[in-house]
Amino acid sequence: MSNPRGGGQQRGRGGFSGPQRRDGSVPGRRQASRSPNRTRGRGGGQGEGGGRGQGDRSQRYPDEKAQGSRGGRGGDGRGRGLWRGENAPHLHRPVIRGRPTNGPPSLRAFGRPVSGFNPTLLNHPFQARVNHTEHTHHQRASRSMTDLSASPQGEEPQRGREEAMRGRGGFGRGRGRWRDGTPEVRKLGYRTLEGLLEKEASEVAITLSSSSGLKNLLEENPMRSDLVQLICQVLCKAFQSRIDRKNVMHLAHVFKDSTFFRNLLPYHVTGMMSDYKQDRRDQYPQHVSNIISLLSHVLNMFPHSSVQSVSMLVALLKPTINQLRASGVDILDSTDGDLEKVQDMVDHLQEKSREGTLRTDNYSFLAADEDAPPGEEDFRTMSIYPTFDEFHLDQRPFLRPNIMSQSFPNARIYLDTHFRLLREDFVRPLREGVKQILRDNTDGVPINKRRFDDIRVYTDTRLLLPLCTSTGIAYKVQFDPQPLKFVRWENSKRLIYGSLVCLSMDNFETFLFATVADRDPKFLKHGLVNLSFSSESRERMAMVQPSDTFLMVETTAYFEAYRYVLEGLQEEDENDVPFQRYIVECNTEVDPPAYLRVEGRSYDLSCITAEGQEKIPPFNPLTQHAWPDEETMGLDESQLQALKLALTNELAIIQGPPGTGKTHVGLKIAQALLENNKAWSQDCPMLVVCYTNHALDQFLEGIHGFLKKGIVRVGGRSNSETLKSFGLRELTRAANFRKGLPHHLRKAHHRIYTEMEQAEELLKRQTAQLECSLRGVLREDFLERYISSEHWDSLCLQPVYDDFERVGKKKKHSMIAEWLGIGSNISLQGPQLTFGADENEAQLEDEELIDIEEEAELIQAERILLDSDHRDKDRQKLKRDEKTIADMAEEMLSLNLNDTEPQPDQSRNQSQAQAEEWQVQGHQKKKMKQMVRKELRKTSALSEAQERHIRDVWSLSQIDKWKLYRLWLLRYRTDLRNQSLAAEQLYQDAAERLNEIRRREDLCVLKQALVVGMTTTGAAKYRQALQELRPRLVIVEEAAEVLEAHTITTLSKACQHLILIGDHQQLRPSATVYDLAKNFNLEVSMFERLVKVNFPFVRLNYQHRMRPSIARLLTPHIYETLENHPSVLEYDNVKGLLTNLFFVDHSQSEEEIKDGRSHQNPHEAHFVVELCRYLLNQDYKPSQITILTTYTGQLHCLRKLMPSPLFTGVKVHVVDKYQGEENDIIILSLVRSNSQGRVGFLNISNRVCVALSRAKMGLYCIGNMDMLSSVKLWSNILHTLREADQIGPALTLSCQNHPDKRIQASCGNDFKGAPEGGCDQPCEYRLECGHVCTRMCHPYDAEHKKYKCMKDCPKVKCELGHKCMKRCYQECGECRVLVNKIIPSCQHNQEVPCHQDPATFECQEDCQKTLPCGHPCKATCGVSCTSQCMTRVQMELRCGHVQKEPCYISRDHKNEPNCRQKCGTTLKCGHTCPGSCHACYQGRLHRGCTHKCQATLVCSHPCREPCVRDCPPCSSLCENRCLHSICKKTCGQPCARCIEPCEWQCPHYTCTKLCHEPCDRPPCSVPCNKELPCGHRCIGLCGDPCPKKCRVCNKDEVTEIFFGNEDEPDACFIQLEDCRHLFEAKGMDQYMSLDEDQASGLDQRAIKLKECPRCRTPIRRNLRYGTHINRSLAAIEMVKEKINGLPDVIKQKQEVLRLQLVEQINLKNHLPKEFDSIREKLNTNDLSLQQLWHLENLMSFLESIGKLKEMQKERMTPQDNFKFSRKLEEVLKFLLDRNQRFFDQQVEDLERELKRLSYLAELNVRCKKSEFKLFDDVLASEVQLLREILEDTLPFSEGLERTVKKKFTELDAKLPVSGLGITDDERVMILKAIGLNKGHWYKCPNGHVYAIGECGGAMEQSKCPECNADIGGTNHTLLQGNDVASEMDGAQHAAWSDAANMGNYNLMDFED
């Protein structure tokens, strides 16, 4: 047999021949080995025993009943086969050699045909199931669970094709498990499907989509007609589910790809015409309608992939319907119309397919819209994402303004208006930004230097690795952070959760959309963010390579909220818009709620009356005179009006100016409605919607005050402990929650979750390896496949520093680290390596600063919904996986950038010199890591052409080394990426379906609630759930801040009562595009729009917050009237200041923040912070003070000035995030101050209203009042302030202790006059210790109880008169002054603390003692001398080699270090062994040869395998590509042919062939008439890509002579796309046609690609030479096929190996982990011949080891067992080494070592059996001599083997195998002489044999004559310790026992 990977003639254990050589020839058969057992084969013989298959086996292997492969004696190689080998005393299996001459031809490549093998087994359905992986994502999870229900009576699970296949128990009736132990998946039964018809559509869809039984059912063929009808009926019902989209899509995908849909249903439709059974014909009208409905659904969901099948069915349905109608069947009236619609859809799609525009299943059908303007599509079919045309065409979208003064024409235009405006709000910034990029691409300015107004741009963006999250696959993405060093990521709005990004690498010709899935500022600083791609973009992700770099563009809009609302608007039916009478038609006559118009309805409002009031009787709220008065209700007049309005109008609007108690009123309304919920609920909850999480928490906490149960809070971040137990996620985590769920949801959740977990496991390995590759420099072992053989050999020739090697445990030595200059020998490489300073090294701030909730965090908190819980789980999972990744990184990385160790571990066996050297490296390590991190972030790498020119990798410059490393790394990452694609799709599909199931589970909770609360963002996301929840009563708090589109999609058709609470004169909704806000009224809420069309509303008029002087700023400037409640007149004045309200005027300029459009004003920040400090010194609590600012940029400026020890507890917020809040003292920074007079949004009255209305006691504001006075609102406010003298350039500070002392503070420095909050006078208070307070005047701590005296302590605490060294306020303690004392133990003079006894002091002098070994001690005098001397000495090892080791190790012979001496043995391949003495086990088991092949393969790549004779398939990534696609396989695998039409066209010729076929047109010779960017004419030819060179601009390059005609004035040129070299066209044409020129005399007929004449790069991409390329590629594919073998043959061989594996009993029993590993590999697809060959060798050797373990288990003494185990583990470790390739040398070494162990096992067994026999000296000496040979560490040569055989022959008489102390001949003679049957021989507890006559049962007791032990027994029961002597006669049971009836005989010895 020829080994395809080994060198020379291989002797591996594979059974089939290797592949053909590169030239296509087949290597000859192997010659017989020199092994003495060369004729002994195992298998290949013809079995003579028929044998019956055992029942339990026939259950698992249905085809074995008629075969004698198990249980009989047929063909196992040891029975009566034709190939009998010599009997050998050991158990080692011989090597399989050559091909057998018998057996089926298709299996003769295997050396050992399976006995009794039935080729039909390969076609069994089980085989298809094992190998069928295209849809494993539908099957994986189901393998571990049973099906939904049993089949109906009369139906059985699949039993196989015939009864003969059952064996005992039958295929279908066995244990229901496949051969790998997983449960069998059954198909759905008839009764189950009938039962589903009675369920809701959602339950049917979820049940079917999560059942693997459906797939099995749909693959059944043939099928009964009634079952076909039932399946169609059930699927139609499932497709009616509207909110389970992903599950319905999954179900439709299974259906459209099934045999049922593609084959069986067309056959069934045709058969309906000839079916005359009346009961079925009666059902056909509905059945036909069901089929048409199915076709419509499938075509809508999968237009591209289903159009052909649907077209065929439609064509068959037409004559079927006509035939049925003609035969009297009454076809439904709607059938023809429905079928015609489907036909129209098919025609439309086929037309699009012919045009080439139907390429994916994402195609949308366009519909007409009579309300859309001409040329505009229906808003319901518009893409939510921006389109190609929007990026590239200069056209403005059609928009209608939001109508403010009148009604909308109709509901459709209303929905259309809001859809287009909302979509434009997020599309326009992205669209305009991309257009700006495309316009400015020609100006030469780098994109990262340009400024963009609408977008943020990130360059050099790469996709790194996929991440498994609870919502699906996210990608870790790297962008270049260098241009963004100025960004403060903590506060920046960049890349916030949910933001939309667009990635493109080709100027937005194509692009991908994604949203930010997770952000961490720590990672963002390094350019890392997690993105979740859209479904359409995910389909294109397979084409993305790790080397692809994108331009990433971000728009700041929270896309997820837009998407949910836009989808809701598209799905909203205009007839279902609630309250159209008011919202659309703007009718101001408001009706009561429909539920209140029922006669006799009454409300009991006693629950909301004022405290102390009498209970009021129930009354009808529509009766005005029945309402109680204000005093009874405890409300003011306007609040009572609001209550009446809310309870009696079906749409109520309540306006609440600041402090008027709108939340209080809202809670009264909610309480009244909830107490009277019987009037409206009908088992549906009240829905409460708020704009922010904070407002939602406040409102729900208020409801919790009177409703302790029944609240559910939906959403992300909640800071309320009260509501914690009411969170939706907390409720779904409850212990009994799952038990109460519907059965179908529990089952679906379990199955889909299992699928998801299995897909995640598939991804984990690749992801972990990708993650490791990002964390540092990979070891060369992992890059070897991706490094050319020449470079690998060059890399291996590294300098060796043996003297520097350490002993003991350390990281594996890394060549690549040494090569890059970052290895352990850095200090030995001289001064050439220097590291740059860390440019990004963070400077720690002097003190910790206060925590300010950054705006980014606040925005993100509002965006993150329920999934925040899952995000926490995702992060916890990542933390758990981190340990695994960290361990893997230790193995994979030569330098780990995440390693926090300051320097390598200095182990105990490291010398002092090495320690110093490591210290040097440790000193440089931080800078070195920074340099490596910078190199790994770079994207530049060498091209493959440059790589080919490199000979010596060590001679490269440092820059080129890193470029080459990045090329290798790119190949490695590309390979891993391609492996993970399928698993990613499986995981994503399962995650989306699981999220739908979770939403269904959530809905179960929501339906049980009385109150459901959510934010507007949450309502948008849960839109579909709300439509099903159908809440009749909705309260919207902060309604004036919510976009109208958000509000309308929150409402369901069932809504009967809507209450809007808010204030449109405070904050309004925020739009992204200013133009849309101002000119199209997008920022107008439904609340404000209805108020402005005079819709009835109530405004609350009494404010309960601000003192009157502050309230004056709002009235009448913002509110016409606003009354003060008496409670606001009782506030105290603010301490330390002369006024409670003051505005400080200044003219200091603002500063612009580089990132974004924010601003900061350091002058104001300094003033504000100092004022805050001053107020804290007035003894105000930090929680009483809030600092507000109008711009987020000011937050960071403030934080830098506020250390946490002083300011913790002070709230610092931006105004917009503080609506609804209040505090005692507000300090406001207005920020804006500039010469241009730009005030920004300070001119918006809404924001001004919020800013000025938050304070209760005191308001202090600083700003440029002169500039603000240009704004009318501010001018009016400032006039009011001047009237009260509350504005000026300085704020007056007044000392509480010295009222006459005042300070005018106009800037922060002025507060220095009151350093402690008082004045500049000293305190002079006398403390209890007698000292005087050293502080300046301070109003706080007047009694000085918290004051600490910082003066020196005057006390004397020592007999020597030493003064206390501590501060006055501290405890003195013991004297610590240092004094000279004599140490008693050594008499050294040392400085010792005064209080310490010198006997307890550790002397610091050097130790003068000598260690027992004779070396000097290096410790200090006071430390005990070490027993581990580190001085290095020569040490002789057991192997005989000598090496230097630390002294203490040289004396420890039990723990001898590994020998580092090079092996140097010449291997069988002729090369020198690369291993060391230890690595090669003292020459017994040599490491594999690493010499490289270096031959050029047929694909033009170099062979990368070590030491091969016949090169295996190429393992490089395939480089074949065309204009349509890229081959993603490895080069050695067959490439799929591209069947797209050929793109080679020009005005003169057109190719009509397919892409992979030779073209049928000639090359065009007409010169190209295009113009180059430089303005000169193109030098190329018509139809070819234009060369990048110009004849004028690049004259020297173009006219350089190569072929000879380059300098001709009319010469035309061709530029090769692979290497970009330029050639004259005629010369190149002649060069390419040389292989067709028979007269040229040149040998151009080799199978290979043509190469570039200059650089020898293979020519793979060129339309002009496509015919030559395609012809060569076709020939190369033929060679690949010969090398790889036919897939069918490989599959058969794989199946044979699977069957062989089952027979390896010892392997399974004793090496289960290895058994499972082999089984798993054999169950995978795409295995090559080499891999199968390797697995067979591995399996065979492992079985041999398993046999030895079986012998070891019970037949060796404990001492022998321990030694034997150690040697066996050595062999197993060598065998399982990841670099094991079964070279000649390795196979021979394994064979010899296993022979040695076989002999040793036999010796141990013999000794065990004779352990009670006394050995004489001679026998003991012989056994010991034999044991020394077999336990020796030297190789087991043939001479030693002969010696051992001879010794065993000599021992046969003295130490027989039986252990009886007699020879086998003597044993037989005794048996014959005694004449007893089997089972009469027994042995005493000490092993002495005796016999019992008669029946053989023990009936009496006696004593052993040899050892006097008790023998025999009573009542046929042996005494304890006695046993059957099997070694005497082979009996397994006593003769008298029942078991002896069968057990003592082999039934197979009897023949018919």
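A. Inspection of the environment of G1627 at higher detail. Secondary-structure assignment places G1627 in helix 47 (residues 1625-1632). Sequence spacing of G1627 and E1606 is 21 residues, and the spatial spacing of their C-alpha atoms is 9.0 Å.

B. The packing of helix 54 (residues 1784-1809) against helix 55 (residues 1817-1830), seen in detail. As a packed pair, helix 54 and helix 55 sit with axes 10 Å apart at the nearest point and diverge in direction by 150°. In terms of orientation, helix 54 lies roughly antiparallel with respect to helix 55. Here helix 54 runs over helix 55; the crossing is left-handed. Side by side, helix 54 and helix 55 meet where R1796, Y1799, L1800, L1803, N1804 and C1807 of the first sit next to V1823, L1826, R1827, I1829 and L1830 of the second. In the contact of helix 54 with helix 55, the residues fall into eight nonpolar, one polar and two charged.

C. Inspection of the sheet that holds strand 36 (residues 1901-1903) at higher detail. Read across the sheet, three strands follow the order 36-37-38 without closing on themselves; strand pairing throughout is antiparallel. If you trace the sheet from one side to the other, it starts and ends with strand 36 and strand 38 (1917-1918), each paired once. Relative to strand 38, strand 37 (residues 1910-1914) runs antiparallel, the two sharing two bridges. By the bridge assignment, G1913 is partnered in strand 38 with L1918.

D. Spatial organisation of the pattern of salt bridges. Taken as a whole, this structure holds 77 salt bridges when the rule is applied. In this structure, the salt-bridge partner of R1232 is E1150, at a minimum N-O distance of 2.9 Å. Here R1232 is found in the loop between strand 23 (1223-1229) and helix 42 (1245-1252), whereas its partner E1150 is found in the loop between strand 18 (1141-1145) and strand 19 (1151-1152), with 82 residues between them in sequence. Per residue, the accessibility class of R1232 equals that of E1150, and both read buried. Between E1793 and R1796 there is a salt bridge, and its shortest N-O distance comes to 3.4 Å. In this pair, E1793 and R1796 both sit in helix 54, three residues apart, roughly one turn of the helix.

E. Looking closely at helix 5 (residues 201-209). Burial runs high along helix 5: eight of the nine residues are buried. The complete set of buried residues in helix 5 reads A201, S202, V204, A205, I206, T207, L208 and S209. Residues of helix 5 that are buried sit in contact with helix 4 (190-196), helix 6 (212-218), helix 7 (225-238), helix 8 (245-256), helix 24 (743-774) and helix 32 (958-1007).

F. Molecular detail of the pairing of strand 26 (residues 1291-1294). Side-chain alternation along strand 26 places L1291 and L1293 on one buried face and T1292 and S1294 on a second face that is also buried. Where strand 26 meets strand 27 (residues 1302-1305), four bridges bridge the pair, whose relative direction is antiparallel. In the strand pairing of strand 27, L1291 is matched with A1305.

G. Fine view of the state of the cysteines. With the rule as written, the count across this model stands at zero disulfides. Between C1527, a cysteine without a disulfide, and C1535, which holds the nearest cysteine sulfur, the sulfur-to-sulfur distance is 3.6 Å.

H. Region of interest: unusual backbone geometry. Looking along the chain, the bond that leaves N221 and enters P222 is cis, with omega of 0°. In this fold, P222 is placed in the loop between helix 6 and helix 7. Here the residue pair T1115 and P1116 is connected by a cis peptide bond, since its omega of 10° sits within 30 degrees of zero. For P1116, the position within the fold is in the loop between helix 38 (1108-1111) and strand 17 (1123-1124). In the Ramachandran plot, L495 falls in the positive-phi region, its phi being about 50° despite a non-glycine side chain. Positionally, L495 belongs in the loop between strand 2 (472-478) and strand 3 (499-504).

I. The arrangement of the packing of helix 24 against helix 32 in detail. Contact geometry for helix 24 and helix 32: axes closest at 8 Å, N-to-C directions at 155°. Between helix 24 and helix 32, the angle falls in the class roughly antiparallel. Judged by the sense of rotation from one axis to the other, the crossing of helix 24 with helix 32 is left-handed.

J. Spotlight on the pairing of strand 14 (residues 1057-1062). Along strand 14, six of the six residues are buried, which leaves the element largely enclosed by surrounding structure. Going residue by residue along strand 14, you find H1057, I1059 and I1061 tucked away on one face and L1058, L1060 and G1062 tucked away on the opposite face as well. Across five bridges, strand 7 (residues 651-655) lies against strand 14 in parallel orientation. Within strand 14, the residue paired with I654 across the bridge is I1061. In terms of strand pairing, strand 13 (residues 1033-1037) meets strand 14 through five bridges, oriented parallel.

K. Quick look at the environment of W792. Within the secondary structure, W792 is located in helix 26 (residues 789-796). Filtering out sequence-adjacent residues up to four positions away, W792 remains in contact with E780, E784, I787, M815 and K1492.

L. Layout of the packing of aromatic side chains. Scanning the model with the defined rule gives 32 aromatic pairs in all. Measuring from ring centre to ring centre gives 5.0 Å for F1602 and F1603, while their planes differ by 85°; the resulting arrangement is edge-to-face. By way of ring pairs, the aromatic residues Y385, F391, F426, F508, F511, F513, F559 and Y562 are connected into one cluster. When the ring centre of F302 is taken as reference, the NZ or CZ atom of K256 above it lies at 5.1 Å. Seen from the ring of F1241, R1247 lies directly overhead, with NZ or CZ sitting 4.3 Å from the centre.

M. Structural detail: the side chain of E1714. Inspection of the secondary structure assignment puts E1714 in helix 51 (residues 1712-1722). Despite its burial, E1714 pairs with no opposite charge, the nearest such side chain being K1713 at 6.1 Å. Not counting residues within four places of it along the chain, the set of residues in contact with E1714 comprises L1707, L1742 and L1776.

N. Spotlight on the confidence of the model for the protein. Chain-level statistics for the protein give a pLDDT mean of 79 and a share of 82% at 70 or above. Across residues 901-920, where pLDDT falls below 50, the model places 44 contacts with residues more than four positions away in sequence or in other chains. In the model, residues 1942-1952 has pLDDT below 50 throughout and makes 14 contacts with residues more than four positions away in sequence or in other chains.

O. A look at the side chain of H1057. Checked against the element boundaries, H1057 lands in strand 14. Relative accessible area serves as the criterion here: at 0%, H1057 is assigned to the buried category. If near-sequence neighbours (up to four positions away) are discounted, H1057 is found in contact with F579, P593, Y595, A646, L647, N649, E650, R1032, L1033 and V1034.

P. Inspection of the nonpolar core at higher detail. Of all hydrophobic cores here, the largest spans 87 residues; its most connected members are F426, L430, I437, F508, L651 and L1060. Residue contributions to this core peak at eleven residues, all from helix 14 (residues 411-440). Non-local contacts of F508, meaning those with residues more than four positions away in its chain, are made with F388, F391, H392, V434, I437, L438, C502, L551 and V553. In terms of nonpolar packing, the next biggest core, distinct from the first, is built from 57 residues, F261, V269, L313 and L339 among them.

Q. Representation of helix 12 (residues 333-355) within the structure. The end-to-end C-alpha distance of helix 12 is 35 Å, a good match for the 33 Å that 23 residues give at a rise of 1.5 Å each. Taken together, the buried positions of helix 12 are occupied by T335, L339, V342, Q343, M345, V346, L349 and Q350. Next to the buried residues of helix 12 lie helix 10 (278-301) and helix 11 (303-326). Just downstream of helix 12, G356 is the residue with a positive phi angle, here 85°.

R. Here's a closer look at the sheet that holds strand 12 (residues 1011-1015). Spatial strand order, 9-12-8-13-14-7-15: seven strands in an open sheet with parallel pairing. What marks the edges here is a single partner per strand, and that holds for strand 9 (711-714) and strand 15 (1098-1099). Helix 22 (residues 693-704) contacts strand 8 (686-690), strand 9, strand 12 and strand 13 of the sheet and is inclined by roughly 175° relative to strand 9.

What counts, and where the lines are drawn
Residues numbered from 1 in each chain as written. Predicted model: local features only at pLDDT ≥ 70, side-chain atom pairs only at ≥ 80, totals over all residues. Heavy atoms only, no water. Helix = DSSP H or I, 4+ residues; strand = E, 2+ residues; numbered from the N terminus. Axes fitted to C-alpha atoms, helices over the stretch in contact; angles between N-to-C directions. Parallel < 35°, antiparallel > 145°, perpendicular 65-115°, else oblique. Left-handed = near helix turned anticlockwise from the far one by under 90°. Contact = heavy atoms within 4.5 Å. Nonpolar A, V, L, I, M, F, W, Y, C, P; charged D, E, K, R; others polar. Pairing = 2+ DSSP bridges. Salt bridge = Lys/Arg side-chain N within 4 Å of Asp/Glu carboxyl O. Buried < 20%, exposed > 50% of the residue type's maximum accessible area, 1.4 Å probe, protein only. Disulfide = S-S within 2.5 Å. Phe/Tyr/Trp six-rings, centres within 6.5 Å; stacked < 30°, edge-to-face > 60°. Lys NZ or Arg CZ within 6 Å of the ring centre and 35° of its normal. Lys, Arg positive; Asp, Glu negative; His and termini not counted. pLDDT = per-residue confidence, 0-100. Core = buried A, V, L, I, M, F, W, Y, C linked by side-chain atoms within 4.5 Å. Expected span 1.5 Å × (residues − 1).

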